[in-house]
Amino acid sequence: MPVFDLFIDEKVTVWRRQRVEVEAGTLEEAAQKLGDDLGDAACFDSEFLSETEEYMSPAENGGCATTVIVEQGAKAVLWANATSHERSSESLSQTN
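Quantities reported herein were computed from a predicted structural model and do not represent experimental measurements.

> So what about the overall build of the protein chain? Which residues, and what values?
Assigned secondary structure in the protein chain consists of two helices and seven strands. Across the protein chain, helices and strands are ordered from the amino to the carboxyl terminus as β-β-β-α-β-β-β-β-α. Burial analysis of the protein chain (96 residues in total) assigns 17% to the buried set. Looking at the protein chain alone, contacts between residues at least 24 apart form 50% of all its contacts between residues at least 6 apart. Total accessible area on the protein chain is roughly 7600 Å²; 51% of this is exposed by carbon and sulfur atoms.

> Now, about the sheet that holds strand S7 (residues 77-80): what can you tell me, with residues and values included?
Strand pairing in a sheet is mediated by backbone hydrogen bonds. Such pairs are either parallel or antiparallel. Taking strand neighbours across the sheet as the criterion, the three strands line up as S1-S6-S7 in an open arrangement whose pairing is antiparallel. With one partner strand each, in any of the chains shown, strand S1 (6-10) and S7 form the two edges of the open sheet. For this sheet, the mean inter-axis angle between neighbouring strands, taken without regard to orientation, is 25°. Judged from the three bridges that link them, strand S6 (residues 67-71) and S7 form a sheet pairing that is antiparallel. Of the residues in S7, the one forming a bridge with Val70 is Val77.

> I'd like a description of the side chain of Thr66, backed by residues and values.
Residue position: Thr66 is located in the loop between strand S5 (54-55) and S6. Looking at Thr66, the relative accessible area reads 3%, which means it is buried. With near-sequence residues (within four places) excluded, Thr66 lies in contact with Asp9, Glu10, Lys11, Met56, Ser57, Pro58, Asn61 and Asn81.

> Tell me about the pairing of S6, and name the residues and values.
Across five bridges, the pairing between S1 and S6 is antiparallel. Bridge pairing in S6 places Ile8 opposite Ile69. Between S6 and S7, which pair antiparallel and follow one another directly, the connecting turn spans five residues, one of which, Gly73, has a positive phi of 80°.

> Which residues make up the side chain of Thr67, and what values do they have?
In this structure, Thr67 sits in strand S6. Here Thr67 falls in the buried class, since its relative accessible area comes to 17%. Here Thr67 is in contact with Ile8, Asp9, Glu10, Trp79, Ala80 and Asn81, once residues within four sequence places are set aside.

Conventions adopted
- Throughout, residues of each chain are indexed from 1 in the direction in which the sequence is written.
- The predicted nature of this model means local features are confined to residues of pLDDT at least 70 and side-chain atom pairs, given and counted, to a pLDDT of 80 or more, with totals for whole chains, interfaces and linings taken over all residues.
- Think of the side-chain values as coming from all heavy atoms in the structure, minus any hydrogens and water.
- By the criteria applied, helices consist of DSSP H or I runs no shorter than four residues and strands consist of E runs no shorter than two, each listed in order from the N terminus.
- Any residue under 20% of the maximum accessible area for its type is buried, any over 50% is exposed, and the rest in between are partly exposed; the area is computed with a 1.4 Å probe on protein chains only.
- Contacts: residue pairs with any heavy atoms within 4.5 Å of one another.
- Shrake-Rupley sampling with a 1.4 Å probe provides the accessible areas, and residues are treated as covered by the protein chains on show and by no other component.
- DSSP-based pairing: two strands are paired if at least 2 bridges between them are found.
- Angular values range over 0 to 180 degrees, each being the angle between N-to-C directions of two axes fitted as lines to C-alpha atoms, with helices fitted over their stretch in contact.

Here you go:
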């Protein structure tokens, strides 16, 4: 029996933590500056908090699929958990 090399791509939500430095007079001012403009800080490190990862349902994704199966090196979707299964070009390029 043949063996097939497939990928299961799943869309998830996850929190990301960034270590930043902000120049401000007080801690509260620093937090306000970040809240007003996240680009107003020097980012030194970033990590995904994997324990916060949650799978998305198609309903949470505007009716689009959140799980698709593709063959390694192929761009065609073999199976999806919703009829609409568009993925970003970045996601597709990573399967090659």
